[in-house]
Amino acid sequence: DDDTFSNVFCENSKKLINVHLFALAAKYYSLSNLGVCTPLEDILEALRGDHQGTTGIKTDEFMNNKKSHEVQVMSELVDSIANYCGIKQVIDIGSGKGYLSSFLSMRYNLKVYGIDSSNTNTNGAHERNRKLKKHWKAYQSRGRANLKSQRLEKANDRPVESEIKCKAISEKPLNNDSSLQSQDQVTIQDLVPSCGFTEVATSETSKQTEVDLVTQTQSDESKLSEEVLAILNVLPADAVEVSSSSQCSCGELCEEERAQRKMASLKAKATKSSESNLYFPLTSCITAETELSDIITDLEDCMMVGLHTCGDLAANTLRIFTAKPEIKAVCSVGCCYHLLSEQFENQEDCPQEVWGFPMCQYLKDKGWCCGRNARMSACLALERVAVGQMLPTESLFYRAVLQVIIEEIYGVTKSDRHVGKTFSKSSSFIDYVRKSLKKLELDDSKLPDSCIMDYHEKYKHRMNELEAFNMLKVVLAPCIEVLILLDRLCYLKEQDNIAWSGLVKLFDPVKSPRCYAVIALKKQSCF
C-alpha cells in the first residue's frame, strides 16, 4: 500500500513524526527485503554444475578475521566464474597489499595482475611474495616433522579395518587437479610465518592394513619428497626455489628419484626465467578511459575483480568491463560511497564527463542526486550496531563541536584538508581541538583553553541528541546503499553485451559491512 509510510513525516514541516514507521520503511526498502539479490549458493551451483569446489588452503593469523573471511569467500566465487568462462587471467583492481590477488594465484593457480594506485601498497604486495619464498625452505623441513608426527598419531588412533575396505580406499587415484582433497588430509600449520596462508596437503592413502602400519611409517621419508613436489603445483613458480640446499637429506635416494628432483629443479628455474610469477603487482591509476593493454602487455581473455574498490573506482571497473571485449566477467565489491562523484551535485566545480553516480540512464534522466550527507550515511554499518557495536558517540561529538569552533572563530565553512583519526591520538577535548587546528593549518594560539572548554560545556547536553540523530542515519543507511547498488546493476542491465548480471551477498555484514558484490558475465558471442 502506497499510504503505509505516508505518516512518517509531517506533511507541512517535513519533520520526522513517527520513528517506528521510519524504521519499518527503511527495513522494507533494504536489499535483504527487496528480493533482488541472487543467493551465493545458487550462483556457485549454477557456475560449477556437477563439479564441486575444492577446499584445503586457508588464510592464517597474519590476515585479520575480516580480511580472511572476505578473501576466502570471494576467491571461491572468482575461481568458479573463471572456470565457467574458461579463462585463467584475472585483473584485480584496487588490489591494495595483494591479499586477494596472491590467494587467487596460490590457491587456484590463476594468473593475477593486481593494480593499485599506491606504490606503497604495490611494494607491500611484493614484500609478501618475497616472504613466501624466504620461508618456503623452512616450510618444507618443518613440514616433514609435522607430517611424520601426525601420521604416527593417525596410526595410533585409527581403528583396525577390514582388508577389503583398506584396499577400496587405497585404489582411489590421486587427482592432480584437486590434489588437496582426498580420503586422508594432513594439516601443515605454522609453516609460513608471515606469508598470509597455511597449506593443507594430502597424504597418500595407506595401502597396508593395520598390521603393516609400522612398515609404512619407516618408508614415509622416502615418499615425502613426492608429496612435497605435489604441493609445489599449488604455488606460483617463483614462490618455490628448488636448490641443493633445500633437498631432503633423509637417506640415500634412488637414481629415479634423483632424476625427478633434478627435472623439478630445472623446470622451476626455466619457468622462473620466462614467467617468474603468477601474481604481478602493478602501480597505476585506473579511470574509465584506462587502456588495460597499456598496463598489461600480455592481456588476454580475463575477468576483473575488485574487493572494496573505493569511490568511483567501483563504477569505473564496471565501465571498463562493458567496454573491453577481452574482459568476460566482473565481480566487484565497492566501498567508500562518500567518495563517489555525483553528476548532479556541484557540477560547476567539476567539469568532468564521467561520474560515479548515477551510472544508469534511468537515474540520469531523472537527474537523481544523493548528496554527500546521504552517501556518508550509506557507509554506516547497521548490522554491527544491531549486535552491540555502538557508534563512537564521543568522537562524533568532538568533531561536531570542532566544526562549530572553526566556523565561529575562524570563519571557515569549507576546507580541502582533513582532520583524520585525531580522536584516538588525543588525551582530551582541548588536545583534540589543537591537533585538529594544526592539521587544518589554522592558528590555535589565539584560542585559549578556557574558550575551547566553553564550547564543550555549551553543547555537552546535546550529546544524547547527537546519538539519536546518528542512530536514525544508521537505520537509513541500507536504503541509500540500495540506491547506489541498484544504479550499478541497472547500468549493466542496459548493456547489450551482458548475458547475466546480479547482486550477490558475499560476506557476513557484521564482519564486513560492505558485503554486496555486483557480478556480470558477457554473452557467449562476445567470447
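Note that this is a predicted model, so its numbers are computed, not measured.

Rules used throughout
Residues numbered from 1 in each chain as written. Predicted model: local features only at pLDDT ≥ 70, side-chain atom pairs only at ≥ 80, totals over all residues. Heavy atoms only, no water. Axes fitted to C-alpha atoms, helices over the stretch in contact; angles between N-to-C directions. Helix = DSSP H or I, 4+ residues; strand = E, 2+ residues; numbered from the N terminus. Parallel < 35°, antiparallel > 145°, perpendicular 65-115°, else oblique. Left-handed = near helix turned anticlockwise from the far one by under 90°. Contact = heavy atoms within 4.5 Å. Disulfide = S-S within 2.5 Å. Expected span 1.5 Å × (residues − 1). Buried < 20%, exposed > 50% of the residue type's maximum accessible area, 1.4 Å probe, protein only. Pairing = 2+ DSSP bridges. Phe/Tyr/Trp six-rings, centres within 6.5 Å; stacked < 30°, edge-to-face > 60°. Lys NZ or Arg CZ within 6 Å of the ring centre and 35° of its normal. Core = buried A, V, L, I, M, F, W, Y, C linked by side-chain atoms within 4.5 Å. Polar contact = N/O pair within 3.5 Å; in protein donor to acceptor, adjacent residues only side chain to side chain. Patch = residues over 30% accessible without salt bridge, like charges linked within 9 Å, V, L, I, M, F, W, Y side chains within 5 Å. Areas by Shrake-Rupley, 256 points an atom, 1.4 Å probe, with all protein chains shown as cover. Salt bridge = Lys/Arg side-chain N within 4 Å of Asp/Glu carboxyl O.

Right, let's get into the packing of helix α3 (residues 40–48) against helix α4 (residues 65–85). Direction vectors running N to C along α3 and α4 enclose 30°, while the axes themselves pass 9 Å from each other. As far as their axial angle goes, α4 and α3 are roughly parallel. Crossing handedness for the pair α3 and α4: left-handed. For the pair α3 and α4, contact is made by Leu40, Ile43, Leu44, Ala46, Leu47 and Arg48 and by Val73, Glu76, Leu77, Ser80, Ile81 and Tyr84, respectively.

Quick look at the state of the cysteines now. On inspection of all chains with the given rule, the structure shows zero disulfides. The thiol sulfur of cysteine 37 is not disulfide-bonded, and the nearest other cysteine sulfur, from cysteine 515, lies at 8.3 Å.

For the rest of this paragraph, the subject is helix α16 (residues 393–410). The end-to-end C-alpha distance of α16 is 25 Å, a good match for the 26 Å that 18 residues give at a rise of 1.5 Å each. Inspection of α16 places Thr393, Ser395, Phe397, Tyr398, Val401, Leu402, Ile405, Ile406 and Tyr410 among the buried residues, and these make up the whole buried set. Two residues or fewer after α16 comes glycine 411, characterised by a positive phi angle close to 70°.

Here we have seven strands laid out as an open sheet, ordered β7-β3-β2-β8-β9-β11-β10, and mixed in their pairing. What marks the edges here is a single partner per strand, and that holds for β7 (279–283) and β10 (498–505). This sheet shows a mean twist of 15° between the axes of neighbouring strands, independent of strand direction. Examined bridge by bridge, strand β2 (residues 89–93) and strand β3 (residues 111–116) share five bridges and lie parallel to one another.

Right, let's talk about unusual backbone geometry for a bit. For residues other than glycine, phi is negative in most cases, and the peptide bonds are mostly trans. Put simply, phenylalanine 357 and proline 358 share a cis peptide bond, and its omega is -5°. Phi angles above zero are rare outside glycine, and lysine 14 is one such case at about 65°. Here lysine 14 lies in the segment before α1 (19–28). Residue lysine 14 is classed as exposed on the basis of its relative accessible area of 59%. In this model, cysteine 336 sits at a positive phi of 55°, which is unusual for a non-glycine residue. Position of cysteine 336 relative to the elements: it lies in the loop between β9 (327–335) and α13 (361–365). Overall, the relative accessible area of 24% leaves cysteine 336 in the partly exposed class.

The next point concerns the packing of aromatic side chains. On inspection of all chains with the given rule, the structure shows seven aromatic pairs. Here the aromatic rings of phenylalanine 103 and tyrosine 108 are separated by 6.4 Å at their centres, their planes lie at 70°, and the arrangement is edge-to-face. When the centroid spacing of 4.9 Å and the interplanar angle of 20° are considered together, the rings of tyrosine 113 and phenylalanine 280 count as stacked. A residue pair is termed long-range when its members are at least 10 positions apart, and tyrosine 113 in strand β3 and phenylalanine 280 in strand β7 qualify at 167 residues. By relative accessible area, which is 8% here, tyrosine 113 ends up buried. Across from the ring centre of tyrosine 108, 4.9 Å away, lies the NZ or CZ of arginine 107, which sits over that ring. A cation over a ring is seen here: lysine 522 above phenylalanine 321, with NZ or CZ 4.8 Å from the ring centre.

Here we take up the pairing of β3. When you tally the buried positions in β3, you get six out of six residues, the bulk of the element. In β3, alternate side chains face the same way, and those of Lys111, Tyr113 and Ile115 on one face and Val112, Gly114 and Asp116 on the other are all buried.

Here we come to the nonpolar core. Of all hydrophobic cores here, the largest spans 73 residues; its most connected members are Met74, Leu77, Ile81, Met303, Cys331, Leu506 and Ile519. Among the elements that line this core, the one with the most residues is α4, at eight residues. Sequence-distant contacts of leucine 506, defined by excluding residues within four places in its chain, comprise Leu40, Val73, Met74, Leu77, Val333, Cys515 and Ala517. Core analysis: the second largest hydrophobic core is formed by 21 residues, Phe397, Tyr432, Leu437 and Tyr459 among them.

A few words on the environment of serine 101. In this structure, serine 101 sits in helix α5 (residues 99–108). On the basis of relative accessible area, serine 101 is assigned to the buried category, the value being 0%. Among all residues touching serine 101, those that are not within four sequence positions of it are Asp92, Ser95, Val112, Gly114 and Tyr279. Engagement of the side chain of serine 101 in a polar contact is seen with the side chain of aspartate 92, the distance being 2.7 Å.

On the surface, Tyr28, Tyr29, Leu34 and Val36 cluster together to form a nonpolar patch covering roughly 350 Å² of accessible area. As for its placement among the helices and strands, tyrosine 28 is situated in helix α1.

This part takes up α4. The first and last C-alpha atoms of α4 sit 30 Å apart over 21 residues, in line with the 30 Å expected at 1.5 Å per residue. The opening residue of α4, the one whose side-chain oxygen lies 3.2 Å from the backbone nitrogen of lysine 66, is asparagine 64. Just downstream of α4 lies glycine 86, where phi reads positive at about 70°.

Moving on, we come to the side chain of serine 30. For serine 30, the location among the structural elements is in the loop between α1 and α2 (31–34). Within the structure, serine 30 has its side chain in polar contact with the backbone oxygen of lysine 27 (distance 2.7 Å). The contacts of serine 30, once residues within four sequence positions are left out, are Pro478 and Val482.

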